[in-house]
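Coordinate analysis (summary)
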Amino acid sequence: MSTAAPKSPYNVKNPFIAHLKRAYDLTGAGAAKNTRHYEIDLSGSGMEYLPGDSLAVMPTNDPKLVDELLSLLKLSGSEEVANPKGGTISLRQALTEVYSITEVDGKLIRSVAEKAGNSDLAALATPEKKEDLKNYLWGKDVLDVVAENPGASFDAPEIAGLLRKLVVRLYSISSSLRACPEQVHLTVATVRYESHGRQRGGVCSTFLADRVDESTPLPTFIKSGAGFRLPEPTDETPIIMVGPGTGIAPFRSFVQERKATGAKGKSWLFFGEINCSSCFFYKDEWDNYLADGTLTKLDTAFSRDQEKKLYVQHRMLDHGKDMYDWLEQGAIFYVCGDASRMAVDVDNALRQIVAKEGGKSPDEVNAYMENLKASKRYRRDVY
C-alpha cells in the first residue's frame, strides 16, 4: 500500500470546515472515564486519508474560561486586538479562537512578576530555575497565574501579546475511507480532572464532547502517518496490533481497510482497558471480524476485572510462543498509545518474548529488535 500522503489543499492555514455527523459514548455507565466515538462529515472536501493517518482538529476555548479570564483581567472582551491573520478582532474572539489560555508562556510569567512586584515569581522565570517553574505551573493555567497576582494589570493588546497560539490537536483516525466514504471517525477520551481546587478539561476533548453539534464548524486537515502503514492487501505478511485505550483507533482503521480490500495475511489484536463491562470499545465489531476471518486473533486485558492488575504486556507474555512464531514468519508489530509507560512496558515484554522463545542472549535480543526496526517491522504511533 502506498505510504505517500494523498495530495490535499487543506492544511493549518487553510483547513477544511467539516461538521459532526454523529457521536456516541463508547464507555458505559459507571466507567472511570469517558471515551467517545465521533463521525465527521467530509462531504464535498475531496479529502483523502490512509489507515495510519491522523486528523488535525482546531478547537476553541471554553467560553466559561474566557469569561473568567476577562473578569480577572477587568476587561470587557470587546476591546480590539490585532488578528494574526490580518486586521483586528475583539479580545473575546481572540481568547476563544486564537490564543491558548491553558498553557502559560514564559513571557507571561516574567510580565506578571514585574507588574505585580512578585520577586519569587520573577526568580522562577530564570533559566536556572526551569524545573522549579515547571513544578509551580503543574496543573495551572493562565487564569491561575493572573488570579494569584491581582496587582498585575494588563490592557487587551498586552495580554494578547503574552499568550501562546492555540494549536491543532492530532487524533489517530479510527476509520477506513474505503469502508466509510466521505467521513472520518475518531476515538477520543474526554480529559477531565481537578487541580488547585478547580475542575478542568482537555481543550479539544471537552470541545468535542461538550460544545460541538452538527452545526459547529470543525476546522480540520489530514496529517500523514507514513511510518504507520499496512502491508499491501495481497501481501500475506501477518500483523500484530497492540492498542490499549484510545490506542485502538488506528487498528479499527486497519481492520476496516483489510476487510474492504480482502487482505490476505493473518491479523492479531491486543486491546486493554479498565473494565470489560464498561470499556470494551467496538466489541461487536471485533466479534464480527473474528467471525468472518478478517481478524485472526483477539486478546484482551481488562486491568480491574480481577484482583491483580492485568495489562496488554501481560497478555503478550501469556502468548509469547505464538507471538515469536508470528515474528519469525515476518509479522509486522504495531503499537499505539501512551509513550511514557505502556509503550515501554510493551517493548520490554517483546524483548522478554524474543529472549525466552528465541533462546537469545541480551546482545542477540538487542540485535533482533534493531533488525525489526530497520526492516520496518516494528512500528509505533505513541504520544
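Only a predicted model underlies this, so the values are computations on that prediction, with no experimental measurement involved.

1. A short note on the overall build of the chain
Counting secondary structure elements, the chain contains 15 helices and 15 strands. Viewed in the frame of its principal axes, the chain has a C-alpha envelope of about 65 × 50 × 40 Å. Out of the 383 residues in the chain, the part that is buried amounts to 49%. A fraction of 74% describes how many contacts in the chain between residues 6 or more apart in sequence connect residues 24 or more apart. Accessible surface computed for the chain: about 18100 Å², of which carbon and sulfur atoms make up 49%.

2. Here we look at the sheet that holds strand 1 (residues 16-25)
In spatial order, the strands read 6-3-10-1-2-7; together these six strands make up an open sheet with antiparallel pairing. Edge positions in the sheet fall to strand 6 (169-172) and strand 7 (183-190), since each has one partner strand and no second. With strand direction ignored, the average angle separating the axes of adjacent strands in the sheet is 40 degrees. Contacting strand 2 (34-41), strand 3 (54-57), strand 6, strand 7 and strand 10 (218-223), helix 8 (residues 203-211) runs over the sheet at an angle of about 110 degrees to strand 7.

3. Focus: the pairing of strand 8 (residues 192-195)
The sheet contact formed by strand 8 and strand 9 (residues 198-201) spans four bridges and is antiparallel. Within the sheet, the bridge partner assigned to Arg 192 lies in strand 9 and is Gly 201. Here strand 8 folds back onto strand 9, and the loop between the two strands holds two residues, one of which, His 196, carries a positive phi near 50 degrees.

4. Side note on the pattern of salt bridges
Side-chain pairs of opposite charge can arise whenever the charged atoms involved come near each other. Summed over the entire model, instances satisfying the criterion amount to 25 salt bridges. The salt bridge involving Glu 148 is made with Lys 140; its shortest N-O contact spans 3.2 Å. Across the salt bridge formed by Lys 321 and Asp 325, the nearest N and O atoms sit 3.3 Å from each other. Here Asp 325 and Lys 321 lie together in helix 13 (residues 320-328), a separation of four residues that amounts to about one turn. On the basis of relative accessibility, which here comes to 51%, the residue Lys 321 falls in the exposed class.

5. Brief notes about the environment of Asp 67
Here Asp 67 lies in helix 1 (residues 63-73). Accessibility expressed as a relative area gives 40% for Asp 67, which makes it partly exposed. Once the C-alpha coordinates of Asp 67 and Gly 77 are considered, the two residues, 10 residues apart in sequence, prove to be 8.3 Å apart.

6. Topic: unusual backbone geometry
Phi at Lys 74 is positive, roughly 55 degrees, even though this residue is not glycine. Topologically, Lys 74 is positioned in the loop between helix 1 and strand 4 (80-82). Since its relative accessible area comes to 72%, Lys 74 is described here as exposed. Of note in the backbone geometry, His 196 takes a positive phi value of approximately 50 degrees without being a glycine. Among the secondary structure elements, His 196 is positioned in the loop between strand 8 and strand 9.

7. Quick look at the packing of aromatic side chains
Tallied over the full model, the rule gives 17 aromatic pairs. Centroid distance Phe 228 to Tyr 334: 5.4 Å. Interplanar angle 80 degrees. Geometry classified as edge-to-face. With Phe 228 in the loop between strand 10 and strand 11 (239-242) and Tyr 334 in strand 14 (residues 332-337), this residue pair connects regions lying 106 residues apart in the sequence. Each residue in the set Phe 228, Phe 251, Phe 254 and Tyr 334 is aromatic and connected to the rest through ring pairs, giving one cluster. In this structure, Arg 252 is placed above the aromatic ring of Tyr 282, and the distance from its NZ or CZ to the ring centre is 4.5 Å. The ring of Trp 268 carries the charged tip of Lys 297 above its face, separated from the ring centre by 3.8 Å.

8. Examining the packing of helix 14 (residues 342-358) against helix 15 (residues 362-374)
Contact geometry of helix 14 with helix 15 gives a least axis separation of 9 Å together with a crossing angle of 120 degrees. By the angle between their directions, the pair helix 14 and helix 15 is classed as oblique. Here helix 14 and helix 15 pass one another in a crossing that is right-handed. Side by side, helix 14 and helix 15 meet where Asp 347, Leu 350, Arg 351, Val 354 and Ala 355 of the first sit next to Val 365, Asn 366, Tyr 368, Met 369, Leu 372 and Lys 373 of the second. Considering only residue class, the contact of helix 14 with helix 15 consists of seven nonpolar, one polar and three charged.

9. Observations concerning the sheet that holds strand 13 (residues 297-302)
Here we have five strands laid out as an open sheet, ordered 13-12-11-14-15, and parallel in their pairing. Sheet topology places strand 13 and strand 15 (378-382) at the edges, where each strand pairs with a single neighbour. Averaged over all adjacent pairs, the angle separating strand axes in this sheet is 10 degrees, with direction ignored. Here helix 13 sits on the sheet in contact with strand 11, strand 12 (267-273), strand 13 and strand 14, set at roughly 135 degrees to strand 12.

Criteria and thresholds
Residues numbered from 1 in each chain as written. Predicted model: local features only at pLDDT ≥ 70, side-chain atom pairs only at ≥ 80, totals over all residues. Heavy atoms only, no water. Helix = DSSP H or I, 4+ residues; strand = E, 2+ residues; numbered from the N terminus. Buried < 20%, exposed > 50% of the residue type's maximum accessible area, 1.4 Å probe, protein only. Contact = heavy atoms within 4.5 Å. Areas by Shrake-Rupley, 256 points an atom, 1.4 Å probe, with all protein chains shown as cover. Pairing = 2+ DSSP bridges. Axes fitted to C-alpha atoms, helices over the stretch in contact; angles between N-to-C directions. Salt bridge = Lys/Arg side-chain N within 4 Å of Asp/Glu carboxyl O. Phe/Tyr/Trp six-rings, centres within 6.5 Å; stacked < 30°, edge-to-face > 60°. Lys NZ or Arg CZ within 6 Å of the ring centre and 35° of its normal. Parallel < 35°, antiparallel > 145°, perpendicular 65-115°, else oblique. Left-handed = near helix turned anticlockwise from the far one by under 90°. Nonpolar A, V, L, I, M, F, W, Y, C, P; charged D, E, K, R; others polar.

So far we have only geometry, and geometry alone does not tell us how the molecule works.
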